[in-house]
Structures are given as structure tokens and as C-alpha cells.
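The primary structure of each chain is shown beneath.
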Amino acid sequence: MAHHQLDSLDYKILKLIADNARIPFLEVARECNVSGAAIHQRVQKLTNLGIIKGSKFDLDTNKIGYETCAYMGLYLQNPNQFPEVIEKLKQIPEVVECHYTTGQYDMFIKIYAKNNRHLLSIIHNKLQPLGLSRSESLISFKEAFSRQIPIEEDMDEDIDY
């Protein structure tokens with residue numbers, strides 16, 4: 001995977017906006033001791049490079065009626081099905097993440113459901129018809145924490161190869 005040359009200003013901007021996606025650019029500019037226009041240009045550059053992929057609000061899923069969070073390992077009947085299964089999974093709004101994996105599963109997904117009965121309905125009516133040989137489910141009782149990856153300049157220095 002290609003890594004881009006980022007300077008200390010880029011890293012400082014990334015750290016500030018990763019900690020708070022709603023931080024005003026003028027506040028970022030003050031923290032970085034540069035102009036607001038410079039921040040806009042840098043954020044645009046980071047976006048164009050694909051380093052910044054967007055911003056989002058974190059919703060409390062329980063408060064909007066999705067009380068069950070499940071992780072599922074999927075086994076495909078046919079390994080050639082990956083592209084079509086991915087496209088079909090994208091059409092299921094309750095599936096919020098999908099990963100290709102090593103190990104025992106072909107894919108690993110994260111699902112939010114209103115309750116266990118809704119989860120069962122998703123599995124039987126939306127997932128099984130995709131051509132799965134089987135699946136394994138893990139239900140999350142409660143998210144302990146979620147965070148962004150740490151943003152530090154020269155992160156490669158800490159890695160021993």
C-alpha cells in the first residue's frame with residue numbers, strides 16, 4: 001500500500017480533526033499557527049489523496065431503536081461469489097461493515113438489529129439467500145470503547161521489522 005509523505009502540519013491537522021470532526025477550521029488554524037486558507041488547502045489535499053475519507057456523526061444505536069449488535073463470520077458456498085455477495089451485502093442497510101478475512105471465515109460483517117428477533121429475520125431472509133454455506137454469530141452486549149487510530153508523526157519509527 002502506498003504511503004504519502006506527510007509533514008508535521010499534516011499530522012497535526014489529522015490529529016485535531018480525528019479527535020473532533022466538527023472542529024472549526026479556524027480553530028484548527030489557531031492550533032497550528034497558520035491561516036484558515038492553509039487549513040482548507042491541506043484538508044483538501046488530504047481528501048484528494050484519500051487519506052481523509054469523509055466525516056460522520058456517531059449515533060447511539062440503542063437510542064434510535066437498534067438494541068442488538070452482532071458480528072458474523074460468513075462461509076461462502078463458492079469462493080467465486082465474493083464480488084456478488086459484497087454487492088448484495090451493500091443492499092442490506094443493517095450490515096454496517098464487511099471485511100475480507102484470513103482464518104476460518106471468508107468474510108466478517110457487523111450488523112445492527114432492533115432486537116434478536118429482527119436479527120434472526122435478517123439472517124434467514126437476507127443473509128442465507130446470498131449463497132452462504134453457513135455463518136457464525138457473536139452478539140455484543142455492549143461496546144466498551146471505539147476510537148480512531150492514533151495519529152503520530154513518524155509512526156514507522158516505532159515498528160521493528
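Keep in mind the model is a prediction, meaning the values are calculated, not measured.

Turning next to the overall build of the protein chain. Looking only at helices and strands, the protein chain has 5 helices and 4 strands in total. Written out in order from the N terminus, the α and β elements of the protein chain read α-α-α-β-α-β-β-α-β. Compactness check: the protein chain gives a C-alpha radius of gyration of 20 Å against a globular reference of 15 Å for 161 residues, more than 25% above the reference. Seen through its principal axes, the protein chain has C-alpha atoms that stretch 55 × 40 × 30 Å.

Right, let's talk about the environment of asparagine 78 for a bit. Topologically, asparagine 78 is positioned in the loop between strand S1 (68-76) and helix H4 (82-90). Asparagine 78 gets classed as partly exposed once you look at its relative accessible area, which sits at 34%.

At asparagine 33, a position not held by glycine, the phi torsion is positive, near 60 degrees. One can find asparagine 33 in the loop between helix H2 (25-32) and helix H3 (36-48).

Taking 1.5 Å as the rise per residue, helix H1 (residues 8-19) with 12 residues should run 16 Å; its terminal C-alpha atoms sit 17 Å apart, in good agreement. When H1 is considered as a whole, its buried residues turn out to be Leu9, Asp10, Tyr11, Ile13, Leu14, Leu16 and Ile17. A distance of 3.1 Å separates the backbone nitrogen of leucine 9 from a side-chain oxygen at the start of H1, and that oxygen is part of aspartate 7.

The tally for this structure, following the rule as stated, stands at 8 salt bridges. Its salt-bridge partner being lysine 90, residue glutamate 87 comes within 3.2 Å of it at the nearest N-O pair. Here glutamate 87 pairs with lysine 90, and both are found in helix H4, just 3 residues apart, close to one helical turn. Taking relative accessible area as the criterion, glutamate 87 reaches 42% and is therefore assigned partly exposed. Judged by its relative accessible area of 57%, lysine 90 is exposed. Note that glutamate 136 and arginine 134 form a salt bridge whose closest N and O atoms lie 2.7 Å from each other. According to the relative accessible area criterion, arginine 134 is partly exposed, its value standing at 42%. Through salt bridges with shared partners, one network takes in Asp7, Asp10, Arg42 and Lys45.

Bringing the nonpolar core into the picture now. Among the nonpolar cores identified, the biggest contains 20 residues, and Leu89, Met107, Ile109, Ile111 and Leu127 are the most heavily contacted of them. Going through the elements one at a time, S1, H4, strand S3 (107-113) and helix H5 (116-127) are the ones with two or more residues in this core. Not counting residues up to four positions away in its chain, the partners in contact with isoleucine 111 are Thr68, Cys69, Ala70, Met72, Glu94, Val95, Leu119, Ile122 and Leu127.

As a further point, take the packing of aromatic side chains. Applying the stated criterion to the full structure yields 4 aromatic pairs. One aromatic cluster is present, formed by Tyr71, Tyr75, Tyr105 and Phe108 through successive ring pairs.

The interhelical angle for the contact between H2 and H3, taken along N-to-C directions, is 105 degrees, at an axis separation of 8 Å. The orientation of H2 relative to H3 falls into the category roughly perpendicular. Residues Phe25, Leu26, Val28, Ala29 and Cys32 of H2 touch H3, and the partners they reach there are Gly36, Ile39, His40 and Val43.

Rules behind the numbers
- Residues numbered from 1 in each chain as written.
- Predicted model: local features only at pLDDT ≥ 70, side-chain atom pairs only at ≥ 80, totals over all residues.
- Heavy atoms only, no water.
- Helix = DSSP H or I, 4+ residues; strand = E, 2+ residues; numbered from the N terminus.
- Rg over C-alpha atoms; globule rule 2.2 N^0.38 Å.
- Buried < 20%, exposed > 50% of the residue type's maximum accessible area, 1.4 Å probe, protein only.
- Expected span 1.5 Å × (residues − 1).
- Polar contact = N/O pair within 3.5 Å; in protein donor to acceptor, adjacent residues only side chain to side chain.
- Salt bridge = Lys/Arg side-chain N within 4 Å of Asp/Glu carboxyl O.
- Core = buried A, V, L, I, M, F, W, Y, C linked by side-chain atoms within 4.5 Å.
- Contact = heavy atoms within 4.5 Å.
- Phe/Tyr/Trp six-rings, centres within 6.5 Å; stacked < 30°, edge-to-face > 60°.
- Axes fitted to C-alpha atoms, helices over the stretch in contact; angles between N-to-C directions.
- Parallel < 35°, antiparallel > 145°, perpendicular 65-115°, else oblique.

Nothing here speaks to function; it is geometry throughout.
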